[in-house]
Amino acid sequence: MAYKLGMKTIRAGAIGAGGFGLFALQQLLQLPGVSLTAFAGTQREPALAMSRRFGVHDLVEVDALLASPDVDLVYIATPPFLHYPQARAALLAGKHVICEKPLALRVDEADELLDLARAGGLLCVTNLMQRYNPLSHAVQRLIDSGALGAFLHGSFDNYAGDEGLAAEHWFWDRAKSGGIFIEHGVHFFDLFEAWLGPGTIVAAQRVLRPGSGLEEQVQCTARYAQGALVNFYHSFTQTGRMDRQEFRLLFERGDLTLEEWVPVRAHLRGVVNEEQTRTLVEIFPGAQIDVLKTFGGGARVARGRHKDLDISQQIELRCGLGDEKMRRYCELLRALFADQLAWLRDRGHVRRVTERNGRDSLAMATAAAHLSETAALDRGDTVESAANLEARAPSFKRHSEPAKNL
């Protein structure tokens, strides 16, 4: 059924009843004008826990949920290999879709979903909630302001725990997850695109776990506007107690470090003048600023990249020291859901995350996966066939159509 403008309550149906589905639905259902009317899951304990939490005791089959006239929007939180067929079926049934990442395992599948959504006037968005983070906005303002000069280089290092990922978990099965770049990396490709614009993957590698052949580490390099390079590294090798992540951005006058995969803390170092200091205070309100050195007279003139720089002080800035990652995570989910529901009620609303973000982040991830697999084939350390790689290769290019607020 097509969505009717002015509908007061959006009736949601959930497909997938794992731990994250429960976590995310608790954020969606806090928004006014949303109710949970059905969910499809197995009789496993996570589904039963969801039933107890929300009071929806009839676990239905996916087909029954999609056929229900009491469901307007479908939230999909199943393993990645199910996202495309379930989202496609939901769109063909006239339902709006919010899907966990990735939107699909192949770019041509994502393109088909976007075409179906556009034709039906339907929502089909991927949960890329990083764009709603206040620290993400601050990074964008920092880059645009030039307060630390031009952006030169970036990196994201993800030292993730695998303690909860048994060897038989679908995460390690590339046919079900797509591999680390596709299952996990899309968040960070999308975030850097928000900051820097579209990028191109220029190199990628992967490491297989000795004795098992499981893909446990991947890395790639993307090139952005003006030639800036960004390195992405993901490893699922750590005990859960040592799970940790770090973003680093290098500028002409200093650098910025963000901690956690949902960033909550920032540490900036730089040499700046009075005007640039004022700009930084505006970008990071409430931040702690330590002045390490001051410069006057001729000492105000510094050089870098064969350019004269006017500096009055060397500073360190810190913010978010008392913030909690999980609280921020909840806030970002609510923000993403609220943004999408606002569009359902008013098609003139401009969203921060649109259908194109899910598609384009998948294109970056697919290109990185292809390059890493091709390099592995050259070394002879992969079991995937060259025919399979060639079948996927044509779908890596970015969509040629300008971005639309679907």
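In case you missed it, the structure is sitting above this.
Scope of this entry: the structure provided in the associated data block.

## Looking at the overall build of the protein
Then step 1. Looking only at helices and strands, one finds 12 helices and 17 strands in the protein.
Then step 2. Counting across all 406 residues of the protein, residues that qualify as buried make up 53%.
Then step 3. For the protein, contacts bridging at least 24 residues in sequence account for 72% of all contacts bridging at least 6.
Then step 4. A total of about 17400 Å² of accessible surface is found on the protein, and carbon and sulfur atoms cover 53% of it.
Then step 5. Measuring between centres, the 46 positive side-chain charges of the protein sit 3 Å from its 49 negative side-chain charges.

## Focus: the environment of Arg88
Then step 1. As for its placement among the helices and strands, Arg88 is situated in helix α4 (residues 83-92).
Then step 2. Residues Arg88 and Ala117 lie 29 residues apart in sequence; the distance between their C-alpha atoms is 9.1 Å.
Then step 3. Among all residues touching Arg88, those that are not within four sequence positions of it are Glu112, Leu113 and Leu116.

## Here we look at the pattern of salt bridges
Then step 1. In this structure the tally under the stated criterion is 32 salt bridges.
Then step 2. Note that Asp190 is salt-bridged to Arg131, the shortest N-O span being 2.8 Å. Taken together, the residues span a long stretch of sequence, with Asp190 in helix α8 (residues 180-196) and Arg131 in the loop between β6 (124-126) and α6 (134-145) at a distance of 59 residues. You'll find Asp190 and Arg131 in the same group, each marked buried.
Then step 3. For the salt bridge of Arg241 with Glu163, the shortest nitrogen-to-oxygen distance reads 3.5 Å. Of this pair, Arg241 sits in the loop between β10 (229-238) and β11 (244-251) while Glu163 sits in the loop between β7 (151-161) and α7 (174-177); the two residues are 78 residues apart in sequence, bridging distant segments of the chain.

## Examining the pairing of strand β2 (residues 34-40)
Then step 1. With five of seven residues buried, β2 lies mostly within the body of the structure.
Then step 2. Here strand β1 (residues 10-15) runs beside β2; their pairing, made up of six bridges, is parallel. Across the sheet, residue Ile10 finds its bridge partner in β2, namely Val34.
Then step 3. A crossover links β1 with its parallel partner β2, the connecting element being helix α1 (residues 19-28), and its sense is right-handed.

## A look at the packing of α6 against helix α9 (residues 274-283)
Angle between the axes and distance between the axes: these two values describe a pair of packed helices.
Then step 1. With their axes 10 Å apart at the nearest point, α6 and α9 run at an angle of 160° to one another. Judged by the inter-axis angle, α6 sits roughly antiparallel to α9. Pair α6 / α9 crosses with right-handed handedness. On the side of α6, the interface is formed by Ala138, Arg141, Leu142 and Ser145, while α9 contributes Thr279, Leu280, Glu282 and Ile283.

## Describing unusual backbone geometry
Then step 1. The step from Lys101 to Pro102 runs through a cis peptide bond, and the omega angle for that step is -5°.
Then step 2. Topologically, Pro102 is positioned in the loop between β5 (96-99) and α5 (107-120).
Then step 3. The backbone of Gln226 sits at a positive phi, close to 60°, despite the residue not being glycine.
Then step 4. Residue position: Gln226 is located in the loop between β9 (215-223) and β10.
Then step 5. Looking at Gln226, the relative accessible area reads 82%, which means it is exposed.
Then step 6. Even without being a glycine, Glu260 presents a positive backbone phi close to 80°.
Then step 7. By the element assignment, Glu260 lies in the loop between β12 (254-259) and β13 (265-272).

## Regarding the pairing of strand β8 (residues 200-208)
Looking along a regular strand, one sees side chains alternate from face to face of the sheet.
Then step 1. With eight bridges joining them, β8 and β9 adopt antiparallel strand pairing. When the sheet's bridge partners are listed, Ala203 is paired in β9 with Thr221.
Then step 2. Following β8, the chain reverses through six residues before pairing antiparallel with β9; Gly211 in that reversal takes a positive phi of roughly 85°.

What counts as what
Residues numbered from 1 in each chain as written. Predicted model: local features only at pLDDT ≥ 70, side-chain atom pairs only at ≥ 80, totals over all residues. Heavy atoms only, no water. Helix = DSSP H or I, 4+ residues; strand = E, 2+ residues; numbered from the N terminus. Buried < 20%, exposed > 50% of the residue type's maximum accessible area, 1.4 Å probe, protein only. Contact = heavy atoms within 4.5 Å. Areas by Shrake-Rupley, 256 points an atom, 1.4 Å probe, with all protein chains shown as cover. Lys, Arg positive; Asp, Glu negative; His and termini not counted. Charge placed at Lys NZ, Arg CZ, Asp CG, Glu CD. Salt bridge = Lys/Arg side-chain N within 4 Å of Asp/Glu carboxyl O. Pairing = 2+ DSSP bridges. Right-handed = clockwise from strand over helix to strand, strands pointing away. Axes fitted to C-alpha atoms, helices over the stretch in contact; angles between N-to-C directions. Parallel < 35°, antiparallel > 145°, perpendicular 65-115°, else oblique. Left-handed = near helix turned anticlockwise from the far one by under 90°.

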